[in-house]
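Examining the three-dimensional arrangement
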Amino acid sequence: MSGFLLAIAIGPVQDFIAAARKARDLWCGSWLLSEISKAVAKEVVRAGGTLIFPAPAKAGDLEPWTDFTVVNKLLAVLPDQAMPELSERLRHSAYQRLQGEMDEATRQARRLDVDINQERADRQLRGLMEFYAAWTPLANDYAAARGRVELLLIARKQLRDFPQIPGVAGVPKSSLDGAREDVIVRRGKRVWESRLGRNERLDAIGVIKRYGGHQPPRFDSTTDIAAVPFAAWMRQHRPDHWKKFEELTKDGVNRVSLIYEHESRLEELEQQDPGLAKALAEWRKSLGRKPGPPYYGLLIGDGDRMGSVIESIRQTEEHERFSRRLSKFAGSVAPIIARHEGCQIFAGGDDVLALLPLHTALHCVQDVNEAFGMEMQGFSPQPTFSAGLAVVHALDPLSEARKWAHEAEQAAKNRYGRNALAIAVVPRSGEPVIGGGNWTDFPALVNRVLDGYSSRNLSPSFAHELQELMRRTPQQIDDMLVLMAQALAKKKKEHEMAAALVEGCQTRHQLAEVVNAMLVARPFWRAQKEASG
């Protein structure tokens, strides 16, 4: 086998994805990175290459704005040619795609009376993108060539360029990450529709995130996601109020978060359209019921030991088959999340990032895990999926939510041994708690607790009583701890359910995991109760 094996990595992930203040920023950054990678993959095919990762089912998948998602790392076989020149050609295709989205975002912003300093934005874009490429002769041993090119790519990334960010004296920095200057030079009077906060600053990549994207996400903000359980109750039990709400918000202000009285941009709405603000206030008063605290779930998940699976692949054809199955899984995620009324941020390869309403979140993550297992059958070792779900307040920074979701995912992989789900609940008052376990036992335990809460056969306060018992019981008498927990359960009016939860515990650690499961179940129970009425 002649030719070259080419590996490409595109970034930076921080600027494209992580720097975000709104759900739209997070979604559009992920979408943009996929679009840039897709453009590079298309140019590889145009150069006569054969894509291994990703492996699109049809050529049309690589066109702009398709549903096909490409992660920021590519692997391909290229025929004999001048690789340095090809690498520059691929880099140029990536920049062209980025510039094209900047041009479109600028046009969209101007339609909303927002003007951009084009020269400053173009200067920022030129130094933004990271593009790394490595290649090696393919010969006849694909596995050996893949190992070599991976090491070369790692070495190239270690020698990364550090272009100086062109600063501008006296110009405020971007609100998203504080790295680059604001490129907004005029803000129109249509503050609400402009998607731009009164004091918010955006750099070039921030403008793309806020105004770019072919098909924007279903929800604009995390508060929208948190409001979904209450909206579900309205649709079922107060359809007339829901219809009125849709009528009030249909003219470019279609945000479920307006259900909340404290929605952060209501002041702007009152100044721009006082009539609409007053109508919404009267609508809330007539409803006669207020939604609960705005909490939502942020899901981060990916496959376990995927490197080991790839290392076991010896032929390009088998690697292509593996890539196609991963693409099929990624394509199945969006319908699953939509069915559970969530908002997909990214699904590519084995990676999933999504915003979920709490009344459906547990069933949603289980369905995603089952879809992954179905597509990964037949590979050795059998790939598994681990996920972290952070339950956070909608007004907390997205960066904090991502940190907790990532910490929960790491707990699923490390504390609970992979093939697991971990949930981090981060209340605004009280200590955060993480509970988790394998996909067979932990969701079943949480659902059991939820059934107990819903049927009033279990008190939510029982977990705190067990916590206090564990805190007051020294480790030197751990052999008595479980017996005291069981005695405490028998004192409860709902003692059968309480006793059943602790009877299988033999150690402090096992008891702590049951307590954590009871604690993390509470926000899901509240959301399910809110949705059902």
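Just above, that's the structure.
Here the structure is a predicted model, which is why all the values come from computation and not from measurement.

**Things to note about the sheet that holds strand 10 (residues 384-393)**
- Read from one edge of the open sheet, six strands run 8-9-7-10-11-12, paired in mixed fashion. Sheet topology places strand 8 (343-348) and strand 12 (433-438) at the edges, where each strand pairs with a single neighbour. Along the sheet, successive strands turn relative to each other by an average axial angle of 10°, direction set aside.
- Sheet topology note: the strand 8/strand 9 (residues 351-356) ladder contains five bridges and is antiparallel. Looking at strand 9, one finds that Gly 348 is bridged to Asp 351.
- Packing of helix 13 (residues 316-339) onto the sheet brings it into contact with strand 8, strand 9 and strand 10, and relative to strand 8 it is tilted by some 170°.
- Against the sheet, helix 14 (residues 361-375) contacts strand 7 (295-304), strand 9, strand 10 and strand 11 (420-425), and its axis sits at roughly 160° relative to strand 10.

**Quick notes on the pattern of salt bridges**
- Throughout the structure, instances matching the rule amount to 30 salt bridges.
- Linking Glu 181 and Lys 173 is a salt bridge whose minimum nitrogen-to-oxygen distance equals 2.7 Å.
- You can call Lys 173 partly exposed: its relative accessible area is 38%.
- Where Glu 200 meets Arg 210, a salt bridge forms, and the shortest distance between an N and an O atom there is 2.7 Å. Placement of the pair is Glu 200 in the loop between strand 6 (184-187) and helix 6 (204-211) and Arg 210 in helix 6, with a sequence separation of 10 residues. The burial state of Glu 200 is the same as that of Arg 210; both residues are buried.

**What about the side chain of Asp 25?**
- Locating Asp 25 in the fold gives a position in helix 2 (residues 23-46).
- Using a relative accessible area of 0% as the deciding quantity, one classes Asp 25 as buried.
- Contacts of Asp 25, omitting those with residues within four sequence positions, involve Ala 20, Leu 176, Lys 209 and Arg 210.

**A look at unusual backbone geometry**
- Along the chain, Phe 53 connects to Pro 54 via a cis peptide bond; the corresponding omega equals 5°.
- As for its position among the elements, Pro 54 is in the loop between strand 2 (50-53) and strand 3 (73-78).
- That bond from Ser 380 to Pro 381 is cis: its omega, -5°, falls within 30 degrees of zero.
- On the secondary structure map, Pro 381 appears in the loop between helix 14 and strand 10.
- Here Asp 113, not a glycine, exhibits a phi torsion of approximately 65°, which is positive.
- Along the polypeptide, Asp 113 turns up in the loop between helix 3 (83-111) and strand 4 (114-116).
- In this model, Arg 305 sits at a positive phi of 50°, which is unusual for a non-glycine residue.
- Note on placement: Arg 305 falls in the loop between strand 7 and helix 12 (306-311).

**Some words on the packing of helix 8 (residues 228-237) against helix 20 (residues 508-532)**
- For the pair helix 8 and helix 20, interaxial distance at closest approach is 6 Å and the crossing angle is 25°. Between helix 8 and helix 20, the interaxial angle falls into the category roughly parallel. Judged by residue contacts, Pro 229, Phe 230, Ala 232, Trp 233, Gln 236 and His 237 of helix 8 engage Ala 527, Glu 530, Ala 531 and Ser 532 from helix 20.
- Considered class by class, the residues forming the contact of helix 8 with helix 20 number six nonpolar, three polar and one charged.

Calculation criteria
- Residues numbered from 1 in each chain as written.
- Predicted model: local features only at pLDDT ≥ 70, side-chain atom pairs only at ≥ 80, totals over all residues.
- Heavy atoms only, no water.
- Pairing = 2+ DSSP bridges.
- Helix = DSSP H or I, 4+ residues; strand = E, 2+ residues; numbered from the N terminus.
- Axes fitted to C-alpha atoms, helices over the stretch in contact; angles between N-to-C directions.
- Contact = heavy atoms within 4.5 Å.
- Salt bridge = Lys/Arg side-chain N within 4 Å of Asp/Glu carboxyl O.
- Buried < 20%, exposed > 50% of the residue type's maximum accessible area, 1.4 Å probe, protein only.
- Parallel < 35°, antiparallel > 145°, perpendicular 65-115°, else oblique.
- Nonpolar A, V, L, I, M, F, W, Y, C, P; charged D, E, K, R; others polar.

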